[in-house]
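Fold and contact review
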Amino acid sequence: MAKLCDYLDGASPQDSQEFLTTLLENLHANLKSTVPSADAEKTASSYNGGSVITALFQGQLRSHLVCGKCDKPIDRYDPFMFLPLNVPEESHRTSNWTLEESLQRLTKEEYFEEDQWYCPQCKNLASVRRLVELAAAPELLIIYLKRFKINTYGSREKINTRVEYPISGFELRPNVIDSQDVYDLFAVINHTGTISGGCYTAFCKHGDQWYHFFDSTVTLLKESNLVTSGAYVLFYHRTQRKPGLCGIQNFGNTCYISAAMQSLFSLPAVQEYLKTWPSAPPSECSTDPAHVMAAFSETVGNIQKGNVAPSGYRKNIEVLSLGFQKFSQQDSHEYIMCLLEKISKWTETNHNAIQDGVQYGVSPITELFKGAFQSTIECTSAGCLKKTVREDPFISLSLPVPQQQTIDLQKCMEWALGSSIDTKSNTWCCSECHAFSQPRRTTKILTYPKVLIVHLKRFHLNRGLREKVNTTVVFDNLLDLSPFGVTPSLVASYDLTGVINHYGTITGGHYIALRKHDGKWYEFDDAKVTPITAEEVVTPVAYMLFYQRTCPA
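1. So, helix α3 (residues 99-106)
Every buried residue of α3 is listed here: Leu99, Glu100, Ser102 and Leu103. An end-on view of α3 places all buried positions within 160° of arc, on one side of the element.

Printed below as a string of structure tokens:
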């Protein structure tokens, strides 16, 4: 360790938390080429890549910032391996301080009046309101109690306030993270003495017994003596996650996967199909899409049980595309399209492939998601009646979104599924009259899918640069596609089951899924699950909408 950090060379006293930070960072750097074996949290800056260290210890903080000038919100996500909590001075307390109070202080909204914060939205220096919350908790939660401070004279002092902390059944507060996470204490690092000289000891649990480690001396410790005023670093491990609606831990910029999994599972037709999922090989990394199938099935099953550890699935999605091999940010729509294509190809010859001696090779994925357009091109030259009709399959319906305040989904539908004259150029040549003209193009839905994925095209090129459109697209729980069909009299009603939201910009953002369960809506922010109202479903960040056809069934 002294070779890695000069300050560790010699016999001078050092800080145990700083040493542990150095140790974990160097272990991560040497192990990040390996595939994580458990849930790792989102990576950034110093944690650019996953390892077993980030899989176990890394969590995520979300800072919700609101500009004091333009009043626009911005969300920023920061990884952590140590959750730092402030401790008040003893003179300010008449009773013992609790760990829950430190968590509440961490998540208390703050207001900074001075115009020192740069807003990337309005591009001004402004005041800012900031709210910090624990967006995702790791498997092993390390809490660092900030006992050392710099006083008004510039000298460092130690805070000896006794902090009462839970030993077992520690549930993180609902306003911090989903209350499904329950933690038990398994170790404590204590510091006795002053800032200039002190001693570190450890309390560690082995089996059902606690022990006190004082260098080479080990003695039994009563549980009643665990909480002291010298507690400095607390170590908790997650012991259970209650079944039911369950989030998915982020394991390295994988919010696009978590949102996609939750949204696909929100569809009743997909849930029914998964009940008859074909047998597949073990979920080991392979170029065979069958392994992706097995890992996907295992992860979906764990979501239902409330126990998600999708590390095997993370390994196998690398076979989908080269773009998914690194722990970099990806597009959730591209991921879903790639996933459905791979699953469809595998199931064409494996799901009910042989019946009565006849091989069918029809993919259930195709039956669920595939629709078809009827595209008609008409020549507009005088006296020419030439029409070209073409059938084009689709799995998702991509709709243009203009840069404005608000627009209705039906209007976006009309632009994509309607009739218009191509006025951009006169380069189209009619095969009948051989004249160059501006043709009339008409697109209608020929075949309605059982499951409809609506993709709102929020990313576009502007003078060679990609930009994001933040227009609010207003949509309802019920969608009628009949007016956009080849046969308008054919009823085509759909029910909204899920939404994928994209927060942030084109260069960096975060995906969150909204999912309807038993008639109620919930927000799935990686591991965090929060109930929301129906009015909160429509936002300026909606990116993908998931509908299931209700009539005809």
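2. Structural notes on the sheet that holds strand β5 (residues 110-119)
Strand order in this open sheet of 4 strands is β2-β1-β6-β5, and the pairing throughout is antiparallel. Lying at the two open borders of the sheet, with one neighbouring strand each, are β2 (73-80) and β5. Taking the axes of each pair of neighbouring strands and ignoring which way they run, one obtains an average angle of 40° across the sheet. Here strand β1 (residues 59-67) pairs with β2 via 8 bridges, running antiparallel. Bridging from a neighbouring strand, Arg62 pairs with Tyr77 of β2.

3. What about the sheet that holds strand β26 (residues 440-447)?
Ordered by their spatial adjacency, 4 strands build an open sheet running β20-β19-β26-β23, and the pairing between neighbours is antiparallel. Every other strand in the sheet has two partners, leaving β20 (387-394) and β23 (419-421) as the edge strands with one partner each. Along the sheet, successive strands turn relative to each other by an average axial angle of 20°, direction set aside. Note that strand β19 (residues 371-378) and β20 share 8 bridges and pair antiparallel. Residue pairing for β20: Ser375 is matched across the bridge by Arg390.

4. Observations regarding the side chain of Glu523
Counting through the fold element by element, Glu523 comes out in strand β34 (residues 520-525). Despite its burial, Glu523 pairs with no opposite charge; the closest candidate is Arg62, at 4.7 Å N-O. Discounting residues that sit within four places of it in the chain, Glu523 has contacts with Tyr503, Ile512, Ala513, Leu514, Lys528, Val529, Thr530 and Ile532.

5. Quick notes on helix α4 (residues 255-265)
One turn of the α-helix equals 3.6 residues, which is why residues spaced by three or four share an orientation. Taken across its 11 residues, α4 has 11 buried, putting it largely inside the fold. For α4, the full list of buried residues reads Cys255, Tyr256, Ile257, Ser258, Ala259, Ala260, Met261, Gln262, Ser263, Leu264 and Phe265.

Rules used throughout
Residues numbered from 1 in each chain as written. Predicted model: local features only at pLDDT ≥ 70, side-chain atom pairs only at ≥ 80, totals over all residues. Heavy atoms only, no water. Buried < 20%, exposed > 50% of the residue type's maximum accessible area, 1.4 Å probe, protein only. Helix = DSSP H or I, 4+ residues; strand = E, 2+ residues; numbered from the N terminus. Arc of directions from axis to C-beta. Pairing = 2+ DSSP bridges. Axes fitted to C-alpha atoms, helices over the stretch in contact; angles between N-to-C directions. Lys, Arg positive; Asp, Glu negative; His and termini not counted. Salt bridge = Lys/Arg side-chain N within 4 Å of Asp/Glu carboxyl O. Contact = heavy atoms within 4.5 Å.

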